[in-house]
Amino acid sequence: MPYLPQLDGVRALAIAVVYVAHCGLSHVVPGGFGVTVFFFLSGYLITTLLRIERGRTGTVSLPAFYLRRSLRILPPMYLALALSGLLHGLGLLNWMPVDAAAVLGQATFLTNYPDLLGTERVLPVPLWSLAIEEHFYLLFPLAYLAWLGRLSPRRAAVACLALCGAVLAIRGLNVWRLADYSLNYSWTHTRIDAILFGCCLGLWNNPVIPADRAWRPKPWHVAAAGAVILATLAVRDPAFRETLRYTLQSAALLVPFSAALQGRGWVVRALGSAPMRRLGLYSYSFYLVHPTVIALLLHLRPGSGPLVLIAAGLVPLTLGSDTNGSIRVPSAFCGCFGLKPTYGRLTRAGSFPFVNSLDHLGPMARSVTDLALAYDAMQGPDPDDAAATARAAEPVLPGLDSGLGDLRIAVAGGYFARGGDPEAFAAVQVAARALAATRVVEIPEAARARAAAYLITAAEGAALHLDRLRTRPEDFDPAVRDRLIAGAMLPAPFVERAQRFRRWYRGAVTDLFADVDVILAPSTPCRAPPRGQTHFTLDGVSLPVRANIGVFTQPISFIGLPVAAVPVWLDGGLPLGVQVIAAPWREDVALRVARVLERLGIVRAPIAELT
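1. Concerning the packing of aromatic side chains
Evaluation of the coordinates by the stated rule reveals 19 aromatic pairs. With 6.2 Å between their ring centres and 80 degrees between their planes, Phe136 and Tyr137 make a pair best called edge-to-face. A relative accessible area of 4% places Phe136 in the buried class. A network of ring pairs unites the aromatic residues Phe65, Tyr66, Phe136, Tyr137, Phe140 and Tyr144 as a single cluster. Taking the ring centre of Tyr137 as reference, the NZ or CZ of Arg69 above it sits at 3.8 Å. Positioned above the aromatic ring of Tyr246 is the side chain of Arg191, whose terminal nitrogen or guanidinium carbon lies 4.1 Å from the ring centre.

Next comes the structure, spelled out in structure tokens:
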């Protein structure tokens, strides 16, 4: 088979899609589509190779085929499993539960049928998709030699299409009869159609086979196929996703693959460029090890999911949700920048809710400029989020580098100057000195605001998730489940009183911004605690970590103020966070101050070193 560099480029794109999705952006980047592309390409390649060998020798050597496949696939796979197992044995991945039976299933290509093993506690090596491919590679050469290869190319392709229809019917039947049909995504007999569609292209009108009359798609054909793929990604219905989505995507891939194999156009040249070829050549190895690398980073840099990947320099930015501090606390712990916008400024549509009246969505990044770019791109009304403001977009990037000007900056005292480690307050003072901020203001009743935030979080969260608590309690983290159950039993007068206090508190804090433009406060009471630590000591008192790590963030998000979270590095240790708090709708002011601190070198987000 002639070398087609553009196919390496296709591999590179597919692994990039999968990788970015696994970096915590699966709600934005369709990682499952990247796997579908891999499947289609595998089907095309194996069929083309078998056709070429049969045309040259009159037969197919099954021993030679299986030997080549084993030597190519097995050594890297077992090496990846051994590396992941070693890291787990050294305690670097021991936060992930692993069962020997599940690992045996990975090693024997049975991991995509977890019911056979009784467990899904596997090592972080993604072998379910490889299992599907290897099941196919085991059977298809036999079927080709005994049956498909004896048919005309057209009839062989029609036979494969008929099998695709049978797979779709099985998926539809599963959705109709099974209470949990999520494994439609990973079973061989329900995902093999993507490979079979690739076989169809290899069997009939194959551009690589001289005897075939290859179809040459026109640009509008490719555009139409792309529109079909985008439409399948836009439909969010679970039943559609587990049935028609895979079939439509795989069928649509026939068009761009046919175009790419013709070897014409700037897209084909880009796919065949040197960087894409190199990434494509190593795509299998990247695919095997990337979940282990992500899991290792999550261990070595405690934090919140995708933000760890920003700290490691693997992705430039991500989105986070902040109810009581889940943008600002991870930003502090991971040494990155975050923006919790004014409540209602950015839509939350598409995110999973926790507490409707407290949930915010915002960007996290390694620079203030990237925060501003993401924030500007996300602004605007959205009818799918009832809390989203109807205010017109107010871009912040044009004024980001305008400096402090006459901004009035103060430091939060009282509640925000006690109850934490000295380093937490030292970080605030470092930022304050750089900004020449000497004024101190006290946010009134901040401790009571935190208590009221706890009540409202528990009550609203319980009301929102009560049906899930009743029907799927095992899906909840035990601590969260207990908290929500307690919230469901809160007396209504308690919650009503908390809401009344909230209205008063919002007005009292907003009044402070008549005299100042920005208030500086610590993000967390300490540096990132070691993974697994359940208690820490603050002011001589031992307290639970999870319940108290947001002691300085809860009183701010309680009333939806905009906050830029910036990382300060002291004495060569782990980073500390500072909240740059502004008046409602003044994200521009918070980001301007953060940008000044970044330009002065007071705050920064260097790529993390694994030590």
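2. Brief notes about the packing of helix H2 (residues 31-57) against helix H12 (residues 244-261)
At a minimum axis distance of 10 Å, the contact between H2 and H12 shows a crossing angle of 60 degrees. As the angle between them shows, H2 and H12 are arranged oblique. Seen from above, H2 lies across H12 with right-handed handedness. Here Phe33, Thr36, Val37, Phe40, Leu41 and Tyr44 of H2 lie close against H12, whose contacting residues are Gln249, Ser250, Leu253, Leu254, Phe257 and Leu261. Here the contact of H2 with H12 is composed, by residue class, of nine nonpolar, three polar and no charged.

3. Regarding a nonpolar patch on the surface
Together, Tyr3, Leu281, Tyr282 and Phe286 give the surface a local cluster of nonpolar side chains, amounting to about 460 Å² of exposed area. Following the sequence through the fold, Tyr282 ends up in the loop between helix H14 (274-281) and helix H15 (283-300).

4. Details of the pairing of strand E3 (residues 360-365)
The buried fraction of E3 is high, at six of six residues. With burial as the criterion, each face of E3 is covered, one bearing His360, Gly362 and Met364 and the other bearing Leu361, Pro363 and Ala365. In this structure, strand E1 (residues 317-322) lies alongside E3, joined through six bridges in antiparallel fashion. Each residue of the ladder has a partner; that of Leu319, found in E3, is Pro363. The pairing of strand E2 (residues 337-340) with E3 spans two bridges and is antiparallel. Bridge pairing in E3 links Phe337 to Ala365.

5. Some words on the sheet that holds strand E4 (residues 409-412)
Strand order in the open sheet made by the eight strands is E1-E3-E2-E9-E10-E6-E4-E5, with mixed pairing throughout. Two strands lie at the open edges of the sheet, namely E1 and strand E5 (439-441), each paired on one side alone. Here the average twist between neighbouring strands, direction ignored, is 30 degrees. Examined bridge by bridge, E4 and E5 share three bridges and lie parallel to one another. Across the sheet, the residue bridging to Ala410 is Arg439, located in E5. In the packing of helix H19 (residues 422-434) onto the sheet, the strands contacted are E4, strand E6 (518-522), strand E9 (563-568) and strand E10 (576-582), and the crossing angle to E6 comes to about 150 degrees.

How each quantity is defined
- Residues numbered from 1 in each chain as written.
- Predicted model: local features only at pLDDT ≥ 70, side-chain atom pairs only at ≥ 80, totals over all residues.
- Heavy atoms only, no water.
- Phe/Tyr/Trp six-rings, centres within 6.5 Å; stacked < 30°, edge-to-face > 60°.
- Buried < 20%, exposed > 50% of the residue type's maximum accessible area, 1.4 Å probe, protein only.
- Lys NZ or Arg CZ within 6 Å of the ring centre and 35° of its normal.
- Axes fitted to C-alpha atoms, helices over the stretch in contact; angles between N-to-C directions.
- Helix = DSSP H or I, 4+ residues; strand = E, 2+ residues; numbered from the N terminus.
- Parallel < 35°, antiparallel > 145°, perpendicular 65-115°, else oblique.
- Left-handed = near helix turned anticlockwise from the far one by under 90°.
- Contact = heavy atoms within 4.5 Å.
- Nonpolar A, V, L, I, M, F, W, Y, C, P; charged D, E, K, R; others polar.
- Patch = residues over 30% accessible without salt bridge, like charges linked within 9 Å, V, L, I, M, F, W, Y side chains within 5 Å.
- Areas by Shrake-Rupley, 256 points an atom, 1.4 Å probe, with all protein chains shown as cover.
- Salt bridge = Lys/Arg side-chain N within 4 Å of Asp/Glu carboxyl O.
- Pairing = 2+ DSSP bridges.

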